[in-house]
Structure formats: structure tokens, C-alpha cells
Amino acid sequence: MNRVSMVTTLRAIAGYRLSEARWARVDRALTAMEEALQAGARDRVTRAVQDLALIGPVRISTRYGDPPRVPASEETRERLNRLIFTLSEEEPAEDG
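The sections below set out a description of the structure shown in this document. Being a predicted model, the structure only gives us computed values, none of them experimental. (Residues numbered from 1 in each chain as written. Predicted model: local features only at pLDDT ≥ 70, side-chain atom pairs only at ≥ 80, totals over all residues. Heavy atoms only, no water.)

1. Topic: the environment of Ala29
Keep this limit in mind: Numbering of helices and strands runs from the N terminus; a helix is a DSSP stretch of H or I covering at least four residues, while a strand is a stretch of E covering at least two. Between buried and exposed lies partly exposed: a residue is buried under 20% and exposed over 50% of the maximum accessible area for its type, with that area taken using a 1.4 Å probe on protein chains only. The contact criterion used throughout is that any non-hydrogen atoms of two residues lie within 4.5 Å.
If you trace the backbone, Ala29 turns up in helix H2 (residues 20–39). The exposure class of Ala29 is buried, given its relative accessible area of 8%. Between the alpha carbons of Ala29 and Arg47 there is a distance of 9.1 Å; along the sequence they are 18 residues apart. Beyond its immediate sequence surroundings of up to four residues, Ala29 is in contact with Ala48, Leu52 and Ile55.

2. As for the pattern of salt bridges
Put simply, the rule is: The salt bridge definition used is simple: a Lys or Arg side-chain nitrogen within 4 Å of an Asp or Glu carboxyl oxygen.
For the structure on display, the rule yields four salt bridges. Glu74 serves as the salt-bridge partner of Arg77, at 2.6 Å between the closest nitrogen and oxygen. With a gap of three residues between them, Arg77 and Glu74 both fall in helix H4 (residues 74–88), about one helical turn apart. On the basis of relative accessible area, Glu74 is assigned to the exposed category, the value being 53%. Counted as one network, the salt bridges with shared partners bring together Asp27, Glu34, Arg79 and Arg82.

3. What to know about the side chain of Ser19
Position of Ser19 among the secondary structure elements: in the loop between strand E1 (17–18) and H2. Assessed through its relative accessible area of 11%, Ser19 is described here as buried. Not counting residues within four places of it along the chain, the set of residues in contact with Ser19 comprises Pro67, Pro68 and Arg69.

4. Looking at H2
The cut-off we apply is this: To estimate the expected span of a helix, subtract one from its residue number and multiply by 1.5 Å. Read the arc as the range of directions from the helix axis to the C-beta atoms.
Along its 20 residues, H2 runs 29 Å from first to last C-alpha, staying within 8% of the 28 Å computed at 1.5 Å per residue. If you check which residues of H2 are buried, you get Trp23, Val26, Ala29, Leu30, Met33, Glu34 and Ala36. Mapping the buried residues of H2 onto a view down its axis gives an arc of 160°, with all of them on the same face. Summarising the geometry of H2, the exposed residues directed more than 90 degrees from the buried face are Glu20, Ala21, Arg28, Gln38 and Ala39. Packed against the buried residues of H2 are helix H1 (3–14), E1, helix H3 (42–55), strand E2 (70–71) and H4. Gly40 lies just past H2 and shows a positive phi near 70°.

Okay, here's the thing in C-alpha cells:
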């Protein structure tokens, strides 16, 4: 997965409305991604972004009693923005 795809995925996530449980999964994946970036482990970064892509909103409408869907918290949006900025600043040569 190239960095443009990663940034696209992160930007999409910023606009999601998810249940609190799904946002908790997003936050865990963001933590894994931040740690992988700090370690320079590109394969782990890719895996974390792929995990994030799978967390996206369900396409079936909600049923009565389903947990409410909410936008990302301020902290999560800030983490997404930092990661987008970090990936956008990487050298273009890495895209191959």
C-alpha cells in the first residue's frame, strides 16, 4: 500500500460516524500505526492502515437498540491529522 492510499484511508476515517466500540478499535489501530512509524516498520504501518480500512462503517442501516453512531472525538481527529501530515511529508521516492 502506498502512502497516498494510506492518507486517503485516514482522511475517510476522519469523516466516519461510528459506535463508541468501533472508535475504540480505530484508536487501537492508530496506536499501532504510530508505534510502527516511530520504529520505521513500514510493513506494520501498512497492516495498521489495512486494519483501519476494515473498521469502517457498516453499510446496513441501524436497528432499534443499536448503539448510536458518533463522529470521531477531538483527540482521535487530532491523531488522524498528525498521521496524515506525517505520511504526506515522507519522501516521494518511497512510492516506488
